[in-house]
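For reference, the chains in residue letters:
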Amino acid sequence: MPTQPFIHLAGVAKTYGKGAKAHLAISDATFDVMPGELACLVGPSGCGKSTLLKILAGLHPHDAGTVKIGSDAVPFDPAKDIGMVFQQPLLLKWRTIIDNVLLPAEILGLPAKESRERARDLLALVGLKGAEDKRPYELSGGMQQRAAIARALVHDPKLVLMDEPFGALDALTREKMNLELLRIWKEAGKTILFVTHGISEAVFLGTRVVVFTAGPARMADDFAIDLPHPRTLDMKTQEAFGVYTRRIYKLLGMD
């Protein structure tokens, strides 16, 4: 079992603007994510979860603290080593599904033949075998998001960042996508950091949950989720699941 964290944050802070217009986005975020974990960041809208993902992706600098990703012996390149999935699939409507999945590989200049084979394998993994040559408008919202997950994995990143990827889906599709994500995570063997404002979703998906509160933004807790795998929807009715959700409700002042 790995003993060194894959993601290490200590005292990370981020403020937008200066003076009277300064806005504290993150206050003292401190937690570790081990290799292969699916860690969930949960909290209300505007509490800094997405900002933290942008810092980890190299899109925003942090103002204070320490951010480490990967092994010190292997330089971490955000462009090559991170895959991202957003709330909207953001598929290019004029490209086929497989060509949408191939976009990161093309940008990085990866070998075309091998990348196309990997894209086909990933589309099969996410349940889209046979949809390779369809256009985005021919797929449902859930199917489009599956394609977005395949796109995030096509260049074989070490870390996948997911920013409320199922937030725009209806409740039933969202439940199904939660189950699918757990299956994909197990089969792909990636480290995933998943942002959500759904308390039940965070507990159901996560091997650990990091809780952020608003006003002012701060990290309130970080704890492991000791529920067995494979996860099943009936777990949500069990007392152990309720203990975790009530802990988060209390932290968010909703008890």
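Residue positions are given per chain, counting from 1 as you read along its sequence in written order. Reporting of local features is limited, given that this is a predicted model, to residues whose pLDDT is at least 70; pairs of side-chain atoms are given and counted only at 80 or more, and all residues count toward the totals for whole chains, interfaces and linings. Side-chain descriptors were evaluated using all non-hydrogen atoms of the structure, hydrogens and water having been removed beforehand.

1. Quick look at the pairing of strand E1 (residues 7-16)
Both faces of the sheet carry side chains from a regular strand, because those side chains alternate between them. Let me state the cut-off plainly: In this description, strands pair whenever DSSP reports at least two bridges between them. Secondary structure elements follow DSSP: runs of H or I of four or more residues count as helices, runs of E of two or more count as strands, with numbering from the N terminus.
Across seven bridges, E1 lies against strand E2 (residues 23-33) in antiparallel orientation. Counterpart to valine 12 in the pairing with E2 is alanine 29. Both E1 and strand E4 (residues 64-69) contribute to a ladder of five bridges, which runs antiparallel. Across the sheet, alanine 10 pairs through a bridge with threonine 66, a residue of E4.

2. A short note on the packing of aromatic side chains
We count it as follows: Two rings belonging to Phe, Tyr or Trp (six-membered ring only in the last case) form a pair when the distance between their centres is within 6.5 Å. Interplanar angles under 30 degrees mark stacking, angles over 60 mark edge-to-face geometry, and anything in between is tilted. Each residue's exposure class comes from its accessible area (1.4 Å probe, protein chains only) as a fraction of the maximum for that residue type: buried when under 20%, exposed when over 50%, partly exposed otherwise.
Overall, the coordinates contain two aromatic pairs when judged by the stated rule. Arranged with centres 5.8 Å apart and planes meeting at 50°, the rings of phenylalanine 166 and phenylalanine 194 form a pair that is tilted. With phenylalanine 166 in the loop between strand E6 (159-163) and helix H7 (171-188) and phenylalanine 194 in strand E7 (residues 191-196), the pair connects residues that are 28 residues apart, well separated along the chain. One exposure class covers both phenylalanine 166 and phenylalanine 194, and it is buried. On the numbers, 6.2 Å between centres and 5° between planes, the contact of phenylalanine 223 with tyrosine 244 is stacked. You can see phenylalanine 223 sitting in strand E9 (residues 218-224) and its partner tyrosine 244 sitting in helix H9 (residues 239-251), a full 21 residues away along the chain. The exposure class assigned to phenylalanine 223 is buried, which follows from its relative accessible area of 5%.

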